[in-house]
Every structure is written in structure tokens, then in C-alpha cells.
Amino acid sequence: MTGFFSGIATAMITPFNKNGVNLDEFGKMIEYQIDGDTDALVVLGTTGEPATMTEDEKTEVIKYSVKKAAGRIKIIVGTGSNDTAKAVAASVRAEQLGADGVLAVTPYYNKCTQKGIYEYYKAICDAVKIPVIAYNVPSRTAVNILPETAEKLAGLDNMAGIKEASGNMAQVCETMRRIRGKMDLYSGEDFLNLPMLAIGGAGLISVTSNVAPKLMKKLYKLVSQNKLDEANSVQDFLLPLEDACFLEVNPIPVKAAYNMIGFDAGVPRPPLTELEDANKAKLLQAIKNSGLIK
């Protein structure tokens with residue numbers, strides 16, 4: 001299927017405090033994204049640190065997000081696992097709690113075959129009626145959705161697209177060729193947002209848009225309007241901020257960035273650590289240069 005959403009989706013952080021999830025602050029972040037003209041929010045994705053959250057906390061975040069969004073913006077819930085049964089159960093729960101769609105990362109660590117990847121997504125799609133987006137990020141999972149497998153996945157009725165973060169543009173182009181008109185391609189690599197949009201991507205699922213949603217939306221609009229010279233200028237302007245948001249493993253820098261622009265994002269949960277001081281200085285300068293703070 002195509003057309004689930006186009007534009008930008010923010011891969012949201014989860015703000016924590018000593019009591020658990022800081023829902024009040026999360027609500028402010030959701031409003032910030034809506035004000036920034038974001039089209040969808042991904043909660044409990046990699047950036048949201050679900051691996052360190054309890055099941056009760058995850059349920060709390062889904063319920064709160066759906067209620068706070070109140071239909072103003074799509075809520076997509078991260079439900080992937082290295083256990084197909086758990087991924088299916090998480091997807092069913094997300095649908096029951098009102099999610100508009102799910103984003104399921106490939107099964108990690110187990111290193112299944114391409115057949116295993118297909119069967120994993122088929123099981124999820126068979127279990128829910130809402131749209132499903134596959135997430136390909138081999139640097140984290142050690143599993144890569146090959147273009148021919150993506151083409152096969154596009155035949156599943158509610159498979160809405162693939163979030164591509166392989167970093168391999170040759171592969172991405174071949175995937176796009178095979179799925180064009182059958183399901184959508186979303187950029188999952190901020191550094192490659194412009195080229196992925198230029199080859200026909202429906203949108204982007206971004207980490208940097210946590211702090212710069214308006215700039216990301218501007219990039220998307222310029223590409224969709226075929227104003228590539230202006231889009232290149234925006235991309236050039238964004239790149240130093242994107243670099244800074246990945247100085248350390250995601251979401252360490254972007255949580256620090258949220259704190260720097262006036263939110264209370266808290267700190268990452270162990271085993272992730274706070275951004276190192278030398279990198280804080282670099283991040284702060286990038287944020288200032290991007291005009292997010294003075």
C-alpha cells in the first residue's frame with residue numbers, strides 16, 4: 001500500500017525523570033512538533049529507548065501520545081523485536097491503544113535469513129489492520145532487507161513502506177525501483193534525506209527533527225516542489241546540526257540538544273550515558289549556528 005503518510009515524521013525521544021517517563025514534558029515536545037508542522041510522530045522507536053523501558057511504561061507512552069495528539073498528527077509506534085511473537089503482540093497492543101501505524105525494526109541479533117525477514121513482517125501484517133512500516137538499519141541489527149525482499153514485502157496488503165537506514169544509496173535506489181507505486185520509501189538516515197526524497201521517497205523519519213522540525217519540513221517541501229537548488233541550500237545548512245546530533249550514539253546527543261533548547265529531556269538510561277563535555281560544546285555551537293537558540 002502507498003499513501004499512509006508523506007512529509008516528515010520525528011523519531012521521538014522519551015524524556016525520563018526519577019519517577020519514570022516525564023509525560024508533562026513529553027506533551028510539550030509533542031506540541032512543539034505539531035507547531036513545527038510535523039506530519040507524524042514515531043514513539044518507542046530506537047530514539048525512544050524502549051529497550052530500557054518496562055511494558056507498563058510503553059503502554060503509558062502509547063496511550064498518552066494518542067490522547068495528546070487527538071487526531072492532529074499521526075502516531076506510529078515502534079514494535080519490532082528479535083522475537084516474532086513479541087513483535088506481533090506489541091503491534092496488536094499498539095493497534096488496540098489507538099496507534100495509526102507501527103514501525104517494526106528487522107529482527108536483530110538472531111540474524112535471520114531473507115525468508116525469515118519476510119515471514120516476520122507477514123506475521124505482523126496478518127495480526128493487525130493498521131499500516132506497517134519495515135525498518136532497515138543493518139548497522140544496529142546485523143540484518144539487511146535486500147531489494148528483492150522489499151519488493152516481496154510490498155505485496156502484503158498493509159505493508160505501507162520501508163524506513164531505509166542502510167546508508168547504501170545504490171541499494172536504496174534498487175529498492176525504490178522495485179517498490180515504486182507498491183509501497184513507500186522513507187529516509188531513515190538524516191544525512192541522506194535529500195537524495196532519498198529526490199528518487200521518489202514519500203518522506204523522512206528523522207532524529208534531527210526532534211529539535212529542528214521546521215527546517216526538516218522546509219527541506220521536504222522544497223524537494224516535493226522540485227526546487228532542488230533551494231533544497232540543497234537547506235540541506236547544506238542542516239548538515240552540521242545533523243552531524244552534531246550523531247556525535248555519539250543516538251539518542252545521546254539529541255536528548256542533550258532538547259535540554260539545550262529549553263526542554264527537560266532528562267538523561268539517557270543506562271547503558272547509555274550523558275553526552276561527553278567536549279561533544280556538548282560542539283553540539284551547543286551547532287545549535288546556535290542553526291538559529292535554534294541565540
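Before any of the text, the structure's been laid out above.
If you're wondering where the values come from, they're calculated on a predicted model, not measured in any experiment.

Analysis parameters
Residues numbered from 1 in each chain as written. Predicted model: local features only at pLDDT ≥ 70, side-chain atom pairs only at ≥ 80, totals over all residues. Heavy atoms only, no water. Helix = DSSP H or I, 4+ residues; strand = E, 2+ residues; numbered from the N terminus. Rg over C-alpha atoms; globule rule 2.2 N^0.38 Å. Buried < 20%, exposed > 50% of the residue type's maximum accessible area, 1.4 Å probe, protein only. Contact = heavy atoms within 4.5 Å. Areas by Shrake-Rupley, 256 points an atom, 1.4 Å probe, with all protein chains shown as cover. Salt bridge = Lys/Arg side-chain N within 4 Å of Asp/Glu carboxyl O. Axes fitted to C-alpha atoms, helices over the stretch in contact; angles between N-to-C directions. Parallel < 35°, antiparallel > 145°, perpendicular 65-115°, else oblique. Left-handed = near helix turned anticlockwise from the far one by under 90°. Nonpolar A, V, L, I, M, F, W, Y, C, P; charged D, E, K, R; others polar. Pairing = 2+ DSSP bridges. Polar contact = N/O pair within 3.5 Å; in protein donor to acceptor, adjacent residues only side chain to side chain.

**Comments concerning the overall build of the chain**
Step number 1: Check the secondary structure of the chain and you find 12 helices and 10 strands.
Step number 2: What you see for the chain is a C-alpha radius of gyration of 18 Å, in line with the 19 Å of a compact globule of 294 residues.
Step number 3: Dimensions of the chain, computed from the C-alpha atoms along their principal axes, are close to 50 × 45 × 35 Å.
Step number 4: Split into buried and exposed, the 294 residues of the chain put 55% on the buried side.
Step number 5: Expressed as a percentage of contacts within the chain between residues at least 6 apart in sequence, the contacts between residues at least 24 apart total 72%.
Step number 6: Accessible surface, the chain as shown: approximately 12300 Å² in total, 50% of it carbon and sulfur.

**Re the pattern of salt bridges**
Step number 1: Taken as a whole and assessed by the stated rule, the structure comprises 15 salt bridges.
Step number 2: With a shortest N-O distance of 2.7 Å, Arg-178 and Glu-151 are connected by a salt bridge. Here the residue Arg-178 occupies a position in helix H7 (residues 169-179), and Glu-151 occupies one in helix H6 (residues 147-153), the gap between them amounting to 27 residues.
Step number 3: Look at Arg-178 and you get partly exposed, because its relative accessible area is 22%.
Step number 4: By relative accessible area, Glu-151 is classed as partly exposed at 29%.

**What to know about the packing of helix H1 (residues 23-35) against helix H2 (residues 55-69)**
Step number 1: It is the contact of H1 with H2, at a shortest axis distance of 11 Å, that shows an interaxial angle of 45°. As far as their axial angle goes, H2 and H1 are oblique. Considering only the axes of H1 and H2, their crossing is right-handed. For the pair H1 and H2, contact is made by Leu-23, Phe-26, Gly-27, Ile-30 and Glu-31 and by Glu-60, Val-61, Tyr-64, Ser-65 and Lys-68, respectively.
Step number 2: Classifying every residue of the contact of H1 with H2 by side-chain character gives 5 nonpolar, 2 polar and 3 charged.

**Things to note about the sheet that holds strand S1 (residues 7-11)**
Step number 1: Here we have 8 strands rolled up into a closed barrel, ordered S1-S4-S5-S6-S7-S8-S9-S10, and parallel in their pairing. In this sheet, neighbouring strand axes are inclined to one another by 25° on average, regardless of whether the strands run parallel or antiparallel.
Step number 2: H2 rests against strand S4 (40-43) and strand S5 (74-78) of the sheet, and its axis sits at about 170° to S5.

**As for the side chain of Asn-136**
Step number 1: Here Asn-136 shows up in strand S7 (residues 132-136).
Step number 2: On the basis of relative accessibility, which here comes to 0%, the residue Asn-136 falls in the buried class.
Step number 3: Within polar-contact distance, the side chain of Asn-136 engages the side chain of Asn-144 at 3.0 Å.
Step number 4: Side-chain polar atoms of Asn-136 contact the side chain of Glu-164, separated by 2.9 Å.
Step number 5: With residues near it in sequence (within four places) discarded, Asn-136 still touches Thr-106, Val-143, Asn-144, Ile-145, Ile-162, Lys-163, Glu-164, Ala-165, Ser-166 and Gln-171.

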